[in-house]
Amino acid sequence: MDATLYFQLVDAIASVRAPRDLAALCERVAGTAMHPLERRVLERAIRARSEALDLTETMLFQALKVPDPAHTRRATWPGAK
């Protein structure tokens, strides 16, 4: 893989601000030919960014004292306790 493209992908992952942007970037990474080690590093960065976005969303809901929709959805699943 060209180093320029690799670092463009790294920068794009770091600048993601919304889950839908992250999904589009995942497709871009999946469609790019690269060494398996490069792919692992980029996939690890994507997972970390995804977790950071989830954490930010959770903290926002807590700061606003609004129920987290993820917890609300879990409670409404059939068979939920």
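Cut-offs applied
Residues numbered from 1 in each chain as written. Predicted model: local features only at pLDDT ≥ 70, side-chain atom pairs only at ≥ 80, totals over all residues. Heavy atoms only, no water. Helix = DSSP H or I, 4+ residues; strand = E, 2+ residues; numbered from the N terminus. Buried < 20%, exposed > 50% of the residue type's maximum accessible area, 1.4 Å probe, protein only. Contact = heavy atoms within 4.5 Å. Areas by Shrake-Rupley, 256 points an atom, 1.4 Å probe, with all protein chains shown as cover. Expected span 1.5 Å × (residues − 1). Phe/Tyr/Trp six-rings, centres within 6.5 Å; stacked < 30°, edge-to-face > 60°.

Colleague: Sorry, what's going on with the overall build of the chain here?
Modeller: Looking only at helices and strands, the chain has four helices and zero strands in total. Along the chain, helices and strands appear, N-terminal first, in the series α-α-α-α. When the 81 residues of the chain are sorted by exposure, 22% land in the buried category. Within the chain, contacts between residues separated by at least 24 positions form 51% of all contacts whose residues are at least 6 apart in sequence. For the chain, the exposed surface amounts to about 6200 Å²; the carbon and sulfur share of it is 60%.

Colleague: What is the right way to look at helix H3 (residues 36-64) in this model?
Modeller: Since the α-helix advances by 3.6 residues per turn, residues separated by three or four positions end up pointing in the same direction. Across its 29 residues, H3 extends 42 Å between first and last C-alpha, which sits within 8% of the 42 Å expected from 1.5 Å per residue. Every buried residue of H3 is accounted for by Leu42, Ile46, Arg49, Leu53 and Phe61. Immediately beyond the C-terminal end of H3, within one or two residues, lies lysine 65, with a positive phi of roughly 60 degrees.

Colleague: What exactly am I supposed to notice about the packing of aromatic side chains here?
Modeller: The description of an aromatic ring pair rests on the distance of the ring centres and on the angle between the ring planes. Counted by the stated rule, this structure contains one aromatic pair. When the centroid spacing of 5.2 Å and the interplanar angle of 85 degrees are considered together, the rings of tyrosine 6 and phenylalanine 7 count as edge-to-face.

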